[in-house]
Amino acid sequence: MAFVRAVTFDGVSSERAAQMREEMSGAEPPEGLVATELVLLHDAGAETSLVLIFFDTEEDYAKGDEILEEMPSG
């Protein structure tokens, strides 16, 4: 069974969504983050994005949640 953290963002233009994709694909994950997959979904019309972060275990999810909560939300 996988564990998934879902995060929504409002006010995301198509340009910002493309920038987010590039930042996530080209960067190393934060130290200690053991995600197995990351998916970015974007609704250009509504200017919203949904990011899904997958983890193998509940412990990995809990640690990932802790790390991600400390990151800037912008």
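Quick note: structure is the one above.
Residues numbered from 1 in each chain as written. Predicted model: local features only at pLDDT ≥ 70, side-chain atom pairs only at ≥ 80, totals over all residues. Heavy atoms only, no water.

(A) Examining helix α2 (residues 58-69) more closely. In a regular helix each residue adds 1.5 Å, so twelve residues correspond to 16 Å; α2 covers 16 Å between its end C-alpha atoms and thus fits that length. Among the residues of α2, those classed as buried are Gly64, Ile67 and Leu68. In an axial view of α2, the angular spread of the buried residues amounts to 90°, which keeps them on one side of the axis. With respect to the buried face of α2, the exposed residues turned more than 90 degrees away are Glu58, Glu59 and Glu69. (Helix = DSSP H or I, 4+ residues; strand = E, 2+ residues; numbered from the N terminus. Expected span 1.5 Å × (residues − 1). Buried < 20%, exposed > 50% of the residue type's maximum accessible area, 1.4 Å probe, protein only. Arc of directions from axis to C-beta.)

(B) Molecular detail of the side chain of Ser49. Secondary-structure assignment places Ser49 in strand β3 (residues 48-55). Classification of Ser49 by relative accessible area gives buried; the value is 3%. Sequence-distant contacts of Ser49, that is, excluding residues within four places in its chain, are made with Val7, Thr8, Phe9, Val12, Ala17, Leu40, Leu41 and His42. (Contact = heavy atoms within 4.5 Å.)

(C) Summary view of the nonpolar core. Core analysis: the biggest nonpolar cluster contains ten residues, these being Val12, Ala17, Met20, Leu33, Leu40, Val51, Ile53, Phe55, Ile67 and Leu68. Elements supplying a minimum of two residues to this core: α1 (14-26), β3 and α2. Ranked by the residues each element gives to this core, the list is headed by β3, at three residues. If we ignore the near neighbours within four places in the chain, the residues touching Val12 are Ala17, Met20, His42, Glu47, Thr48 and Ser49. (Core = buried A, V, L, I, M, F, W, Y, C linked by side-chain atoms within 4.5 Å.)

(D) The pairing of strand β2 (residues 37-43), seen in detail. In this sheet, β3 lies alongside β2 in antiparallel orientation, the contact comprising seven bridges. Its bridge partner being in β3, Leu41 is matched across the sheet by Leu50. Counting the residues that bridge the hairpin from β2 to β3 gives four residues, and of these Glu47 lies at a positive phi of roughly 50°. (Pairing = 2+ DSSP bridges.)

(E) The arrangement of the environment of Met71 in detail. Looking at the element boundaries, Met71 is found in the segment after α2. Sequence separation of Met71 and Gly32 is 39 residues, and the distance between their C-alpha atoms is 13 Å.

(F) Fine view of the sheet that holds β2. Spatial strand order, β1-β3-β2: three strands in an open sheet with antiparallel pairing. Edge strands, defined here as strands with exactly one partner in the open sheet, are β1 (3-10) and β2. Each neighbouring strand pair of the sheet contributes to a mean axis angle of 15°, computed without reference to strand direction. Against the sheet, α1 engages β1, β2 and β3, with an angle of about 175° to β2. Its contacts with the sheet put α2 on β1 and β3, and the angle it makes with β1 is roughly 25°. (Axes fitted to C-alpha atoms, helices over the stretch in contact; angles between N-to-C directions.)

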